[in-house]
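Residue-level listing of the chains:
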Amino acid sequence: MDFISLYWLDILTTILGLIYIWLEYRAHIALWVVGIVMPALDVYLYYSHGLYGDAGMAVYYTLAAVYGLCIWKFKKTKKLKRELPIIYMPMKKYLPVTVFFLVAWAVTYYILVTWTNSTVPLLDSFTNALSFVGLWALARKYIEQWFFWIVVDAVCTVLYVQKGIPFKAGLYGLYVVIAVMGYFKWKGMMEVKSEK
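Predicted model only: the values in this text are computed from it and were never measured. (Residues numbered from 1 in each chain as written. Predicted model: local features only at pLDDT ≥ 70, side-chain atom pairs only at ≥ 80, totals over all residues. Heavy atoms only, no water.)

**A few points about helix 5 (residues 121–139)**
- The terminal C-alpha atoms of helix 5 lie 27 Å apart, and with 19 residues this matches the ideal 27 Å at 1.5 Å per residue to within 8%.
- Most of helix 5 sits out of view: 16 of its 19 residues are buried.
- Trailing helix 5 by a residue or two, Lys141 shows a phi angle of about 60 degrees, which is positive. (Helix = DSSP H or I, 4+ residues; strand = E, 2+ residues; numbered from the N terminus. Expected span 1.5 Å × (residues − 1). Buried < 20%, exposed > 50% of the residue type's maximum accessible area, 1.4 Å probe, protein only.)

Written out as structure tokens, the structure is:
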């Protein structure tokens, strides 16, 4: 019973995380609903373990999921008046995305070292900054979003092991594998859609 009382929130958010990644893998719009609930719970989980950057990021994830749901549900392509297709990120986006990532990393790092007692500010801020980019790319259905998540998930796996959040660590380790599979799944879906 002590085990459950100690890890119940870690277990619950891990289960929600599995549901989320399965829905993302399938490019199903319901991923955004789970994407609202899970990070809302993660705010407390991360904060209670001293991962202040991740706690702040979970607030962003919750708000970004609302944005993603709206984009996927209501944004239609201008030419075809249908849902957004899975596409490659346009080359013109690479420079602004890189600059945004570096600025977000620096700002988040500064906040963590200045106003928190974070013991992992460099990596915590790195995963936060790259997650900003990953969620934006997911909302736009850019296939490259999977590459961002592979890196974020690998780093988070190590961080969560170090911070004593074992179920989340295992989930993020699994996320790495699913993100690789997700890339190939979306690539296949993209090719099928482009043939229509």
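Additional details are given in the paragraphs that follow.
**Description of the nonpolar core**
- Counting 57 residues, the largest nonpolar core has Tyr46 and Tyr160 as its most contacted members.
- Every element with two or more residues in this core is listed here: helix 1 (2–25), helix 2 (31–48), helix 3 (52–74), helix 4 (94–115), helix 5, helix 6 (145–162) and helix 7 (166–195).
- Apart from residues no more than four positions distant in its own chain, Tyr160 is found in contact with Tyr46, Leu51, Asp54, Ile165, Lys168, Ala169 and Tyr172. (Core = buried A, V, L, I, M, F, W, Y, C linked by side-chain atoms within 4.5 Å. Contact = heavy atoms within 4.5 Å.)

**Focus: the packing of helix 5 against helix 6**
- Remark: helix 5 packs on helix 6, axes separated minimally by 9 Å, with the N-to-C direction vectors making an angle of 150 degrees. Between helix 5 and helix 6, the angle is such that the two are roughly antiparallel. Judged by the twist between their axes, the crossing of helix 5 over helix 6 is left-handed. Counted together, Leu123, Asp124, Phe126, Thr127, Leu130, Ser131, Val133, Gly134, Leu135, Ala137 and Leu138 of helix 5 and Gln145, Phe148, Trp149, Val151, Val152, Val155, Cys156 and Leu159 of helix 6 form the full contact between these two elements.
- Classifying every residue of the contact of helix 5 with helix 6 gives 14 nonpolar, four polar and one charged. (Axes fitted to C-alpha atoms, helices over the stretch in contact; angles between N-to-C directions. Parallel < 35°, antiparallel > 145°, perpendicular 65-115°, else oblique. Left-handed = near helix turned anticlockwise from the far one by under 90°. Nonpolar A, V, L, I, M, F, W, Y, C, P; charged D, E, K, R; others polar.)

**Notes on the environment of Leu31**
- Examined against the element boundaries, Leu31 turns out to sit in helix 2.
- A residue is classified by how much of its surface remains accessible, and Leu31, at 0% relative accessible area, is buried.
- Between the alpha carbons of Leu31 and Gly17 there is a distance of 9.7 Å; along the sequence they are 14 residues apart.
- Discounting residues that sit within four places of it in the chain, Leu31 has contacts with Tyr20, Leu23, Glu24, Trp72 and Leu138.

**A closer look at empty space enclosed by the protein**
- Per the stated rule, a full pass over the model turns up two cavities of 30 Å³ or more.
- By volume, the largest cavity is sized at about 250 Å³.
- In this structure, the largest cavity is lined by 17 residues; those nearest its centre are Tyr20, Met38, Tyr61, Trp149 and Tyr172.
- Of all the secondary structure elements, the ones that give two or more residues to the lining of the largest cavity are helix 1, helix 2, helix 3, helix 6 and helix 7.
- For the lining of the largest cavity, the element with the highest residue contribution is helix 2, accounting for six residues.
- Residue composition of the lining of the largest cavity, grouped by class: 13 nonpolar, one polar and three charged.
- When its volume is computed, the second largest cavity comes out at roughly 70 Å³.
- Lining the second largest cavity are Tyr46, Asp54, Met57, Ala58, Tyr61, Thr127, Asn128, Ser131, Val152, Cys156, Tyr160 and Tyr172.
- For the lining of the second largest cavity, the secondary-structure elements that each account for two or more residues are helix 3, helix 5 and helix 6. (1 Å grid on protein atoms, 1.4 Å probe; cavity = no way out; pocket = protein on both sides within 12 Å on 5 of 7 lines; lining within 4 Å. Points joined across faces, edges and corners; volume = space filled by probe spheres on them.)

**Examining the packing of aromatic side chains**
- Under the defined criterion, the tally for this structure stands at 18 aromatic pairs.
- Seen from their ring centres, Trp32 and Trp72 are 5.7 Å apart, and the 85 degrees between their planes marks the pair as edge-to-face. Taken together, the positions of Trp32 in helix 2 and Trp72 in helix 3 put the pair 40 residues apart, joining distant regions of the chain.
- Relative to Phe132, the ring of Phe100 has its centre 6.2 Å away and its plane inclined at 70 degrees; by these criteria the two rings are edge-to-face. Of this pair, Phe100 sits in helix 4 while Phe132 is found in helix 5, placing the two residues 32 residues apart along the sequence.
- Judged by relative accessible area, which is 44%, Phe100 ranks as partly exposed.
- Every member of this aromatic cluster is reached through a ring pair, and the members are Tyr60, Tyr61, Phe100, Phe132 and Trp149.
- The ring of Trp72 has Lys141 sitting right over it, with the charged end atom 4.4 Å from the ring centre. (Phe/Tyr/Trp six-rings, centres within 6.5 Å; stacked < 30°, edge-to-face > 60°. Lys NZ or Arg CZ within 6 Å of the ring centre and 35° of its normal.)

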